[in-house]
Amino acid sequence: MGYKVMRIDPRSVTEETITFADGTLTINVNQRAFNSRCPYFLRLVDEIPAETTIGAAVVITIGTGTVEYPLLACDGTPVTAERIRSGYSYPIKLVSSGTTGAFKLLGPLCYSKLGAAFSVDGTDPAAAGA
């Protein structure tokens, strides 16, 4: 019986850490150079922190860098935490204008909230905003 040897795709990017603070879910990826408009596969292996709130913005940082690059849906809208899940790979590409950049998903996201991290504090969000 033969074994298949799988090669890790060089375009595969595995997160180093996933953290939540100040209303932002931060995905830190390994240090590397990302080329604009080239496809990559963002693999989320670690669990999304349980304290992550619904609607938290999702950003990506690279290595020890402090710049936060927003994660955008394929239609250009910002991705929020309830739309992503641990254990999945997401096809992304870097879109940049020379001075700013963002990571954009190449396909639509599932709107299912199964497996996503949520937290609520018991207050009515509609009443708090009124």
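Residues numbered from 1 in each chain as written. Predicted model: local features only at pLDDT ≥ 70, side-chain atom pairs only at ≥ 80, totals over all residues. Heavy atoms only, no water.

1. A look at the overall build of the chain
The secondary structure content of the chain amounts to one helix and seven strands. Seen in sequence order, the chain has helices and strands lined up from the N terminus as β-β-β-β-β-β-β-α. Evaluated residue by residue, the chain yields a buried proportion of 35% over its 130 residues. Across the chain, the fraction of contacts at a sequence separation of at least 24, relative to all contacts at a separation of at least 6, is 67%. (Helix = DSSP H or I, 4+ residues; strand = E, 2+ residues; numbered from the N terminus. Buried < 20%, exposed > 50% of the residue type's maximum accessible area, 1.4 Å probe, protein only. Contact = heavy atoms within 4.5 Å.)

2. Side note on the nonpolar core
Soluble globular proteins tend to pack their nonpolar side chains together in the buried interior. I27 and I84 are the most contacted members of the largest nonpolar core, which totals 26 residues. Of all the secondary-structure elements, those providing two or more residues to this core are β1 (12-21), β2 (24-29), β3 (39-43), β4 (57-62), β6 (89-96) and β7 (101-105). Excluding residues that lie within four positions of it along the chain, I27 makes contacts with E15, T17, I18, L42, L44, V58, V59, I60, T61 and I84. (Core = buried A, V, L, I, M, F, W, Y, C linked by side-chain atoms within 4.5 Å.)

3. A few points about the environment of K93
Take K93: it is sitting in strand β6. Contacts of K93, omitting those with residues within four sequence positions, involve R37, C38, A102, F103, K104 and L106.

4. Let's talk about the confidence of the model for the chain
Looking at the chain as a whole, its pLDDT mean stands at 83, while 77% of the residues score no less than 70. At the level of individual helices and strands, the chain shows its lowest average pLDDT in helix α1 (residues 125-129), which scores 54, and its highest in strand β5 (residues 69-72), which scores 96. (pLDDT = per-residue confidence, 0-100.)

5. Some details on the side chain of E82
Note that E82 resides in the loop between β5 and β6. From its side chain, E82 meets the backbone nitrogen of G55 in a polar contact 2.8 Å long. Engagement of the side chain of E82 in a polar contact is seen with the side chain of T80, the distance being 3.0 Å. (Polar contact = N/O pair within 3.5 Å; in protein donor to acceptor, adjacent residues only side chain to side chain.)

6. Some points on the packing of aromatic side chains
For the structure on display, the rule yields four aromatic pairs. Members of the aromatic cluster, joined through ring pairs, are F34, Y40, Y69 and F103. Taking the ring centre of F34 as reference, the NZ or CZ of R32 above it sits at 5.5 Å. (Phe/Tyr/Trp six-rings, centres within 6.5 Å; stacked < 30°, edge-to-face > 60°. Lys NZ or Arg CZ within 6 Å of the ring centre and 35° of its normal.)

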